[in-house]
Amino acid sequence: MVDGGLDPVMDRSALVVAWFRDTAAVPSGEDADPALRGVDWDALAPDHEL
């Protein structure tokens, strides 16, 4: 989530996570591993201006 003091149109946050699995199924929602769902996006994804 982008810091509330930044412009919501011109600012974004980004994070790349490499998650290796035994299958090609894309993890999402409740089917995703709890460790993947527990990634602290706000603490790890830096904000940047477009």
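Up top is the structure.
Residues numbered from 1 in each chain as written. Predicted model: local features only at pLDDT ≥ 70, side-chain atom pairs only at ≥ 80, totals over all residues. Heavy atoms only, no water.

### Observations concerning the overall build of the chain
Here is step 1: What the chain contains, in helices and strands, is two helices and two strands.
Here is step 2: Starting at the N terminus and ending at the C terminus, the chain contains elements arranged as β-α-α-β.
Here is step 3: Within the chain, the fraction of its 50 residues that count as buried is 10%.
Here is step 4: Partitioning the intrachain contacts of the chain with sequence separation of at least 6 by distance along the chain shows that 71% fall at a separation of at least 24. (Helix = DSSP H or I, 4+ residues; strand = E, 2+ residues; numbered from the N terminus. Buried < 20%, exposed > 50% of the residue type's maximum accessible area, 1.4 Å probe, protein only. Contact = heavy atoms within 4.5 Å.)

### Concerning the pattern of salt bridges
Any two side chains of opposite charge can pair if their charged atoms end up close together.
Here is step 1: For the structure shown, the criterion picks out one salt bridge.
Here is step 2: Notably, a salt bridge pairs Arg-37 with Glu-30, separated by 3.0 Å at the nearest N-O pair.
Here is step 3: Relative accessible area serves as the criterion here: at 42%, Arg-37 is assigned to the partly exposed category.
Here is step 4: A relative accessible area of 68% means that Glu-30 is categorised as exposed. (Salt bridge = Lys/Arg side-chain N within 4 Å of Asp/Glu carboxyl O.)

### Some details on the environment of Trp-19
Here is step 1: Along the chain, the position of Trp-19 falls in the loop between β1 (11-13) and α1 (34-37).
Here is step 2: Residues within four places of Trp-19 in sequence aside, it is in contact with Asp-33, Ala-35 and Leu-36.

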